[in-house]
Structure formats: C-alpha cells, structure tokens
There are 2 protein chains.
Amino acid sequence: MFHEPIDGEDPLNVVELIRKKREGKSLTEEEFRFLLSGYVKGRVPDYQISSFLMACYFRGMSEEETFVFTEVMLHSGETVDLSDVPGVKVDKHSTGGVGDKISLLVAPIVAACGVPVPMISGRGLGHTGGTLDKLDSIPGFRTNLSIAEYRRIIGEIGVVMIGQTSEIAPADKKIYALRDVTGTIESIPLIASSIMSKKLATGINGLVLDVKTGRGAFMQTPEDSTRLAEMMVRIGNHFGLETMAFITDMNQPLGMTIGNWLEMVESVECLRGTRGIGDASSDLMELTHLLAAHMLLLGKRVKRYEEGIALSKQSVKDGSAYRKFLELVAIQGGDVSAIENLDQYLLPRHIIEIRVREGGFVAGIDPLELGMTSILLGAGRQRAEDLIDHKAGIILKKRVGERVEDREVVALFHTDREEVIPAARERITNAFLVTATEPTRPPLIRTMIDKEGVHDWP
Amino acid sequence: MFHEPIDGEDPLNVVELIRKKREGKSLTEEEFRFLLSGYVKGRVPDYQISSFLMACYFRGMSEEETFVFTEVMLHSGETVDLSDVPGVKVDKHSTGGVGDKISLLVAPIVAACGVPVPMISGRGLGHTGGTLDKLDSIPGFRTNLSIAEYRRIIGEIGVVMIGQTSEIAPADKKIYALRDVTGTIESIPLIASSIMSKKLATGINGLVLDVKTGRGAFMQTPEDSTRLAEMMVRIGNHFGLETMAFITDMNQPLGMTIGNWLEMVESVECLRGTRGIGDASSDLMELTHLLAAHMLLLGKRVKRYEEGIALSKQSVKDGSAYRKFLELVAIQGGDVSAIENLDQYLLPRHIIEIRVREGGFVAGIDPLELGMTSILLGAGRQRAEDLIDHKAGIILKKRVGERVEDREVVALFHTDREEVIPAARERITNAFLVTATEPTRPPLIRTMIDKEGVHDWP
C-alpha cells in the first residue's frame, strides 16, 4: 500500500529508527543522518518522518542529535561565504513576539557603528509579526534578493535585510512545512535546529538571540525559553558561530505599536531620536540598545557591553543610525520619501478608540490576544495566501504599570475592514486588565545565556 | 508543498486535533470521527494520521475514543449478518504466540459440541505463527473464501476458517499498513480497536480472547496484557458482542511444535486423542479445553464452564471433534488423506538434533528466539512476499520444569536450508536455559477478564 523506497533502502530500518526514538533512545549520528538525508532526498516518505518528528516531540533530542539535525539541514543548500567582506559579521534573531520591531532598529544602528549586519528575516507566524512583512510596508522595498545581491549590498553599505532564499537550507523548508501540518512545530530541539541551520548558512560570525518568553511568545515559560536558548547557543558555538542569547519578556507587546506600517513609524521615530527616550517606547529602546551592544561586542567593535550601549545610543543621537536606515531603504529599492514623510502615508478607513471602563492601573496587556486581533484587522495572514494590509494595526497608549482614568483611551486600532470592528473593539478592550492596586512591572530582560551557561541579568 | 485537502476541508482543523491529542486531551466523538473518516475517505493524508497515531501511542486513547476508532473501522466495510444461521455463533482470538495452534483445536471441538464457530484468522506476524499459514500446510485447503462461501459453510457444517477478506474493515487494513511502517503498531488502544473492529464485522455473538503474556507475546508484561484484554472486552461488550478474555503464559512455546505442518500434526494427534493426555502436550490441551469450555458457555450450550470442559474432552474422546475437523478440511478443498496419513507428508532435507551441554532442569525455553529461528528455517516470512516452507520448524522434546541428562536431545529442527543450520543450531541450543535446581513452573493461565472486571484464575 505504501510506496517502496527508492535505491533499495530497507524500509524496516526506518521503522526501527522510529521505534528507537519512540522508546527514548538516542540515534547514532549515522542513523540520524540516514533518516533525515533519506527524507531530504525523497527516499524516506513524509508519513515516516512525521511519526518520527512526533516521537521527537515526546522524547526530545540529544545534543548530538540536534547537531546532526542542524548539519543535515545546513548542508542541504548553499552556505554563503562572506569572508571577503571586511569585518566581523553579526546578526540578531528573535524567536517572535508581538510588536517586536527590534530588527528594524538594531540592523542600521550596529551597521552605523561599523559592524556589518547581513540579516535574514522571516514573515509573521501565528499571532506574531515578521520583519519581512514590516519591510514590505515601505513602498518598493525588495526583500527577495538573490545571494549575489545580498553579498554585494553587505559589502557596499554594511547592512542588508532579506528573506530566506530557496538556496539556503531547503531541507529546513521541507521539514518545517511537514511539521506545520502534522502538529510537530512546538518541539524545542526541532525549533532550535531549524533556526540555527538557517543562521549558520548565512556567512555570519556572531549571533545575538532574543528569546521571548511569556503569553505572547511561542515559549510561554522562562524554563522552556531558557532550554531553547541554551540549545541554540550550544548549536551555534558547536559549528563555530559565536552565539549568545537573552531571555526577554513577552507578557505585553514590545513598544507601542502592532501592525506593519505602524511599527515602521515607531521604529523610524526611534531611529531619529524623537521617540524612545523617556516615553512609552523606552522599553523598546532599552532592549534595542542592549542587543545592539552585544552585537557590537561579538563584532569586536567594543570590549565591554557598556561601551556598546554608549555607542548604540550615540548612533541614534548623531543621526548616523537613521542615515544608515535610509541608505538601506534606498539600496533595496524602497521609497525613501515615504520614510522621510511618515505622515503622508495612506490612512486606514477606520480609526477606532479603545477606552477602559473604569480607572486604575494597567495590570496586563495580553499580547497573544492583540496579536490575533491585529490579524483580524488585516495586519497578518489567516491563510498563507492572504494579502496583508500594511496600514492595519493597533496603537497602544499605555503600558503595564501605568495609571488610567475612567473611560480613558488606552489604545486605537486601524482597519479598512468595517465588519471586524465590533469584535476587534471587544477583544482589544478585554486584552487590557485594569486593577485598583498598582501591579509590579515584569522585568524586561531576565537572563543572559552564553557558552559558559545561564546568567541572571543584569 | 503538501497537497490540499479535497472537499474544502480545513487542514488547520486536522492540525488542531493532532495537537489536542498531543497535549493529552481526549477528542470528542465528532472530532475523532472527522479525522479517521477523513483518512479512510482520502481527505486527510497519511502524514497527518501518522503523527496523530504516534501522539496516540504516547497519550493513549479514552474509552470513548477506542469505541469511535473501532466503529469507524467496522463500518468502513461490510458487516456479515449470520442471524439466519441457527445457534449462538462464537469465535476465539489469540493475540499471537509461538506454537499457538489452539484455533485448529477449538474450532472443530466447539462445532462438534453444537456451537457454530465462524472463525476469521490471520497470518504469521513477526516471530509468531498464524492460523492461516498452518491451514495452508494442508494440500488444497482454501482460506480465501468469499463472504458468500463463508455463510454457506458455517450454515452447512457449523465451522468455517477463513482469512480477513477485503470486504471486512478495509479501514483497519489501511490504518494497520500505515502503523506498520510508522512505528505505531505497539499501542494498546490501537491494537484493541484493530482486532475488535474485525471481529465485530463477522456476525458472531460471543468471543473468547486468549491474550498472551511474556517473552514470546507482543505484550511482554501481565500489566500490558491485562490492559489490552480489558480494553477489548469493553469494546466487544459496548458493541453488543459478549466478550471475555484469559491472560495466558507465553514464556515458553505452547505445545511441543513450532512450524506449520509440525503444528498441524500435533493438533491432529491431539484431536484424535492420541496425544495431549498425560504427556508433554497436556498444557496445550488444558488451555484448549478451557477456551473451548468458555466458547460453549458463551454459545449457551452449557451453563457452567466445568460442564464445558467435560463436553470438550468428550468430543475428543468420542472422535466427533476429529470428524468435524475432517469435514472442515474436505469442505474447504483440503486433501483429507494428508490428515488421515500424517506420516506420508514430505520430509525436510535436514532433521537436526539439539542437545543440552550439561544435565539439570529446563528452567526456560525462549519462545521469541525459537519463533525467530523458525522463520530462519523457512517456517515464516522475513518479507511479506516470502514463500513459507510448511515442512520447516522445531520439535521440542522438553518443557520448562523437566529434568534433562547430560547431552540429552531437547529439540529437533526441520529445514531444507542447509546454510542456516549452524546459526539455527546455536540459537535453539541457547534458547534452552538449564539450571541445577528445579525451577518453579510458570502458571499457564493467570487471569480471566469479563465485563465485570479482572478475576484471578482459577
């Protein structure tokens, strides 16, 4: 009934390997490679790999197995050699959150400070936004560059932002697509290997990971987030990529905007220095400078992270980060005037205010609910083929810990979809938890993880 | 990348159901039916069901889920209506062991006592033998009858023995084939549903299950065997099929022969009454009479099982069971003279003796190792397409607990394959554990399970 394997491979062997994993034993490097390479080359069918992946979900993977998994995916495609681009190349990767626009900030900041940032980003996934979708909100901006263009631009201006190309880790794409339809996405070793195989292929020398934790993150507990971060740090360093990670809070959205163009506006204003200092976007900039500082550290531009923070702030203050961003927009085909004149962008048909019922303190802003609602407004995809309305999204007026008055406006939302307004209004209103007593603010940065281990931060 | 579902079913729903099971939650009847019917009808692809089955392996299934699973498979094909055949129809099913030839015995015995036995059997699986393969060792015997022939024969002589037809529970066949290649065979609820869906389709009114436990069984611990038995008893009774089970020992082969024609010879001799009384085949007959007695009980032929045992023994003594067997062989196209003249059957090229090295007591006879070795000799299939050599097999001369002398013959093996003799000799020798002190004999029958629960036996 099931198709025979090509090349005379013994199907019994595959079943034995599935059973071995199912029983909680670790596969040898050879066995793991046989299975995965067999899948990538089409010798092992989907239905065997999907039950194997589910067994991995339950049984986990040994460190050696994650290395092999990563390596098979890494070597399934092209690996970019950037050794002729001067400098230590660094990247930052976030595991995904709501309102997380930090890539738009750190890439130009770090490049402006002299460390090349060749950045490969993704699209929105589930309730989270994606850097590529945000970049798409700039008219004309092209993210689907070839490897050749990527190499040229990083050499020319020290920063480039593209999407994953079909040349990089195609096996990861194949396995991810299978995981997506078989309920096997949420496995820490599978997530770690998937992310790292792509990062290892891009020719970078250093990587700072921003591993989100909390209700708006894919890992909702600090324990799971730490396990994921540790695994990625170990994989990176095993393959010679200096890798470190921060566990950061995702129990409320990051920054004051959710939605592609709205997040672009907040980012541009922060890059210009007209926002993010002493206001509600300060949290966003605190994390931006921390991550940028560690990218500068890995990039050998500074010796201590405090120096990096000073340098990062300076690049905003002196306008060099903003100019680098404009340079990036221009070289990737984007309309620079749209960035220079943020207020000339199209407005949505509807801008609706959200008010709290009674005054008190904002004790919680549910990022998962706001992420899901922003999709409803048009800011994300419900199906892979859906088009995004870049104007759509949510603007927050308050953060957790702030005081609100009776009937005060705590948020606005932008949409062209009249029919979703009642549901969106209700969901956003309910996403705000208001209490009579002042809540404790969750720490934004919890832990730092490097090859020496897990460290409390600061 | 993965094919779109037909009929516009939402693939997200399937993933949600996989995730729900993965998280250890029970699916509703509607959800479970949606998933399985979708698979059976080709709307849900293999790779989703295989990860779902692996999640079921880890998370188990609720009673309600096993009922739905069974029902979907049962109703995927024809259900036979035998209500116009007079009498209460009963069957016996064994979960598979080594040397287990009890079907060949109980079917004619119970039929000879007046209770119709329409029996559907299987082929050898793994290290275990199958009733169909044993019946095939009778020249001319046909087991691939149509449902119409099955109905005719059971009406005519009160016993019929066939294989699963493509009309009965085709969904089980499809799911079993997928489980076989995805490492998801060894799940108790999946095994229970699979067996019971076929049994429920055959038109019987009562079922006695012989659930093997021990090294030569698929369930190696009494706990697992009991769980499987309980689940099957619950499923049967839920669907109105009076079902009971015995947990019986499979830590040594059942009876004194392993291999198709050798087992046929032992069975025929036991049916004739020339063997199985006060000799080494007594264990085999003890279990045969116990199971036959409970089939007579379910068949309303007797009121107490002790009566059933007396009746079962009487049918052997008076020759009626043997005559019924000859009638069965004849009506299904078999050569009756081969049964009547057992010694005229072809002999194998090689008959090799196995001797113990030193005397003592037989403390163990490894049924798994003997089952695997019998396949090597030609008695079973290494691949589905392999032909069986019906002459091949092993004859035991001792049972666990018996005394042996230095260099005494404890077994013989029959094969045409000269090249396997050294390996077979070594494996069979090593399958015998001889100790200086007398071992305790394992109890043959451990527990009885009916709809009231689990009972120690006797």
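Here the structure is a predicted model, which means the values were calculated and not measured.

1. A closer look at the overall build of chain A
- When its secondary structure is counted, chain A shows 17 helices and 14 strands.
- The C-alpha atoms of chain A give a radius of gyration of 22 Å, which matches the 23 Å a tight globule of 458 residues would have.
- Once the C-alpha set of chain A is aligned to its principal axes, its extents read approximately 70 × 50 × 40 Å.
- Within the span of chain A, comprising 458 residues, buried residues form 60% of the whole.
- Intrachain contacts of chain A at a sequence separation of at least 6 include 77% that bridge at least 24 residues.
- With an accessible surface of roughly 17,900 Å², chain A has 49% of that area assigned to carbon and sulfur atoms.

2. Details of the pattern of salt bridges
- Counted under the stated rule, the structure contains 68 salt bridges over all chains.
- One salt bridge in this structure joins A:Glu266 and A:Lys101, with 2.8 Å as the shortest N-O distance. Remark: A:Lys101 occurs in the loop between strand E1 (90-94) and helix H5 (102-112) and A:Glu266 occurs in helix H11 (residues 260-272); sequence separation between them is 165 residues.
- Its relative accessible area of 0% is what places A:Glu266 among the buried residues.
- A single network of salt bridges, built from pairs that share partners, joins A:Glu16, A:Arg19, A:Arg22, A:Glu23 and B:Glu186.

3. Quick word on the environment of A:Gln332
Residue and element names in this part refer to chain A.
- As for its position among the elements, Gln332 is in the loop between helix H14 (320-331) and helix H15 (336-340).
- Among the residues examined, Gln332 registers a relative accessible area of 1% and is labelled buried.
- For the pair formed by Gln332 and Thr143, sequence separation is 189 residues and the distance between their alpha carbons is 7.3 Å.
- Apart from residues no more than four positions distant in its own chain, Gln332 is found in contact with Gly140, Phe141, Arg142, Thr143, Leu145, Ile153, Val160, Met161 and Ile162.

4. Details of the sheet that holds strand E11 (residues 409-415) of chain B
Residue and element names in this part refer to chain B.
- Reading across from one edge, E6-E9-E11-E7 is the order of the 4 strands in this open sheet, with antiparallel pairing throughout. Two strands lie at the open edges of the sheet, namely strand E6 (257-258) and strand E7 (350-355), each paired on one side alone.
- Its contacts with the sheet put helix H16 (residues 367-377) on E6, strand E9 (393-396) and E11, and the angle it makes with E9 is roughly 135 degrees.

5. Points about the sheet that holds strand E4 (residues 206-213) of chain B
Residues and elements named next belong to chain B.
- Pairing in this open sheet of 5 strands is mixed, and the strands run E1-E4-E5-E13-E14 from one edge to the other. Both outer strands of the open sheet, strand E1 (90-94) and strand E14 (453-456), are each paired with one neighbouring strand and no more. Across this sheet, the average inter-strand angle for adjacent strands is 20 degrees, counted without regard to direction.
- In terms of strand pairing, strand E13 (residues 445-450) meets E14 through 4 bridges, oriented antiparallel.

6. Describing the relation of the copies chain B and chain A
- When chain B is fitted to chain A, the residual RMSD is 0.1 Å, and the transformation amounts to a turn of 180 degrees plus an axial shift of 0.0 Å. On this basis, the relationship between the two copies can be described by a two-fold rotation axis.
- Most of the interface of chain B is mirrored in chain A, where 100% of its interface residues again form contacts.

7. A few points about the confidence of the model for chain A
Residues and elements named next belong to chain A.
- Confidence in the prediction of chain A, expressed as mean pLDDT, is 93, and 97% of residues score 70 or more.
- Low pLDDT, under 50, characterises residues 3-9; the stretch is placed with 9 contacts to residues that sit more than four places away or in other chains.
- Scored as a whole, the predicted complex attains pTM 0.84, and scored at its interfaces, ipTM 0.83.

8. With respect to the domain arrangement of chain A
Residues and elements named next belong to chain A.
- Each assigned domain of chain A is listed with its residue range as follows: domain 1 (14-60), domain 2 (90-341 + 445-456) and domain 3 (346-435).
- Here the C-alpha centroids of domain 2 and domain 3 sit 24 Å apart.
- The interface of domain 2 with domain 3 comprises 25 residues on the first partner and 24 residues on the second.
- By the criterion of area lost to domain 3, the three top residues of domain 2 are Gln252, Met256 and Ile258, representing 29% of everything that side buries.

9. Points about the packing of aromatic side chains
- Tallying each qualifying case throughout the model produces 15 aromatic pairs over all chains.
- Taking the centre distance of 5.2 Å and the plane angle of 85 degrees together, the rings of A:Tyr57 and A:Phe58 count as edge-to-face.
- Here the aromatic rings of B:Phe32 and B:Phe52 are separated by 5.7 Å at their centres, their planes lie at 65 degrees, and the arrangement is edge-to-face. Note that B:Phe32 is positioned in helix H2 (residues 29-40) and B:Phe52 in helix H3 (residues 46-59), a separation of 20 residues in sequence.
- Classification of B:Phe32 by relative accessible area gives buried; the value is 1%.
- Assessed through its relative accessible area of 1%, B:Phe52 is described here as buried.
- Seen from the ring of B:Tyr39, B:Lys174 lies directly overhead, with NZ or CZ sitting 4.4 Å from the centre.

10. A closer look at the state of the cysteines
- In the structure shown here, the tally under the stated rule is 0 disulfides over all chains.
- In this model A:Cys270 remains outside any disulfide bridge; the closest cysteine sulfur is found in A:Cys113, 16 Å from its own.

11. Some points on helix H5 (residues 102-112) of chain B
Residues and elements named next belong to chain B.
- In terms of burial, H5 is largely enclosed, as 10 of its 11 residues are buried.
- Those residues of H5 that fall on the buried side of the exposure criterion are Ile102, Ser103, Leu104, Leu105, Val106, Ala107, Pro108, Ile109, Val110 and Ala111.
- Positioned one or two residues after H5, Gly114 has a phi angle of 100 degrees, which is positive.

12. Some details on the interface of chain B and chain A
- On the side of chain A, 29 residues touch chain B, which itself brings 29 residues to the contact.
- Of the roughly 2,500 Å² buried where chain B meets chain A, counting both sides, 66% is carbon and sulfur surface.
- On inspection of chain B and its partner chain A, the count reaches 4 salt bridges.
- Where A:Glu186 meets B:Arg22, a salt bridge forms, and the shortest distance between an N and an O atom there is 2.6 Å.

13. Focus: unusual backbone geometry
All names here are of chain A.
- The peptide bond linking Trp457 to Pro458 adopts the cis configuration, its omega dihedral lying at 0 degrees.
- Here Pro458 shows up in the segment after strand E14 (453-456).
- In this model, Ala169 sits at a positive phi of 45 degrees, which is unusual for a non-glycine residue.
- Secondary-structure assignment places Ala169 in the loop between strand E3 (159-163) and helix H8 (170-182).
- A residue is classified by how much of its surface remains accessible, and Ala169, at 0% relative accessible area, is buried.

14. Thoughts on the packing of H5(B) against helix H14 (residues 320-331) of chain B
All names here are of chain B.
- At a minimum axis separation of 8 Å, H5 and H14 run at an interaxial angle of 110 degrees. Relative to H14, the element H5 is oriented roughly perpendicular. Contact residues: Leu104, Pro108, Ile109, Ala111 and Ala112 in H5; Ser320, Ala321, Lys324 and Phe325 in H14.
- In terms of residue class, the contact of H5 with H14 is built from 7 nonpolar, 1 polar and 1 charged.

15. Some points on the nonpolar core
- Core analysis: the biggest nonpolar cluster contains 119 residues, and A:Phe246, A:Met264, A:Phe325, A:Ile339, A:Ile394 and A:Phe413 have the highest contact counts within it.
- Take this core: its biggest share by element is 9 residues, from helix H12 (residues 282-298) of chain A.
- B:Ile120, B:Val160, B:Ile394 and B:Leu444 belong to the second-largest nonpolar core, a separate cluster that totals 118 residues.

16. Some words on helix H9 (residues 188-200) of chain B
Residues and elements named next belong to chain B.
- Over its 13 residues, H9 extends 18 Å from the first C-alpha to the last, a length consistent with the 18 Å expected when each residue adds 1.5 Å.
- Of all 13 residues in H9, 12 are buried; the element is thus mostly enclosed.
- Among the residues of H9, those classed as buried are Ile188, Pro189, Leu190, Ile191, Ala192, Ser193, Ser194, Ile195, Met196, Ser197, Lys199 and Leu200.

17. Let's talk about the packing of H12(A) against helix H13 (residues 305-317) of chain A
All names here are of chain A.
- Viewed as axis vectors pointing N to C, H12 and H13 meet at an angle of 120 degrees, and their least axial separation amounts to 8 Å. In this structure, H12 meets H13 at a crossing whose hand is right-handed. On the side of H12, the interface is formed by Met285, His289, Leu290, Ala292, Ala293, His294, Leu296 and Leu297, while H13 contributes Tyr305, Gly308, Ile309, Leu311, Ser312, Lys313 and Val316.
- Here the residues of the contact of H12 with H13 sort into 10 nonpolar, 4 polar and 1 charged.

Parameters at a glance
What you see as residue numbers is a count from 1 along each chain, following the sequence as written. Chains and ligands are labelled by the order in which they are written, letters from A for the one and numbers from 1 for the other. Only residues with pLDDT of at least 70 are given local features in this predicted model, and only at 80 or more are side-chain atom pairs given and counted; all residues enter the totals for whole chains, interfaces and linings. Values reported for side chains reflect all heavy atoms of the structure, with hydrogen atoms and water molecules removed beforehand. Only DSSP runs of H or I covering at least 4 residues are called helices, and only runs of E covering at least 2 are called strands; the numbering of each starts at the N terminus. Each radius of gyration reported is based on C-alpha atoms, and the globular scaling rule is 2.2 Å times the count of residues to the power 0.38. Each residue gets one of three labels from its accessible area relative to the maximum for its type: buried under 20%, exposed over 50%, partly exposed in between, using a 1.4 Å probe on protein chains only. Throughout, a contact is declared for two residues whenever any of their heavy atoms are within 4.5 Å. Note on areas: these come from Shrake-Rupley sampling with a 1.4 Å probe, and a residue is covered only by the protein chains present in the view. We define a salt bridge as a contact between a side-chain nitrogen of Lys or Arg and a carboxyl oxygen of Asp or Glu at a distance within 4 Å. Paired strands are those between which DSSP finds at least two bridges. For helices, the fitted axis covers only the stretch in contact; all axes are lines through C-alpha atoms, and the angles between them, taken along N-to-C directions, range from 0 to 180 degrees. Copy-to-copy superposition: least squares on the C-alpha atoms, limited to residues that have pLDDT of at least 70 in both copies. Within a predicted model, pLDDT stands for the predictor's per-residue confidence, ranging from 0 to 100. Domain start and stop points were drawn from an automatic or database domain assignment. When two parts are brought into contact, each loses some accessible area as probed by a 1.4 Å sphere; the total of that loss over both is the buried area. In this scheme Phe, Tyr and Trp rings, the latter by its six-membered ring, pair at centre separations within 6.5 Å, and the angle between planes marks the pair as stacked below 30 degrees, edge-to-face above 60, and tilted otherwise. The criterion for a charge sitting over a ring is simple: Lys NZ or Arg CZ within 6 Å of the ring centre, and within 35 degrees of the ring normal. Any two cysteine sulfur atoms lying within 2.5 Å of each other are counted as a disulfide. These descriptions rest on fixed angle ranges, namely under 35 degrees for roughly parallel, over 145 for roughly antiparallel, 65 to 115 for roughly perpendicular, and the rest for oblique. Here the nonpolar group is Ala, Val, Leu, Ile, Met, Phe, Trp, Tyr, Cys and Pro; Asp, Glu, Lys and Arg are the charged ones; every other residue, Gly included, is treated as polar. Think of a nonpolar core as a cluster: buried Ala, Val, Leu, Ile, Met, Phe, Trp, Tyr and Cys residues, connected wherever their side-chain atoms sit within 4.5 Å. To estimate how far a helix should reach, multiply one less than its number of residues by 1.5 Å. Handedness of each helix crossing follows the sense of rotation of the near helix against the far helix: counterclockwise by less than a right angle gives left-handed, clockwise gives right-handed.

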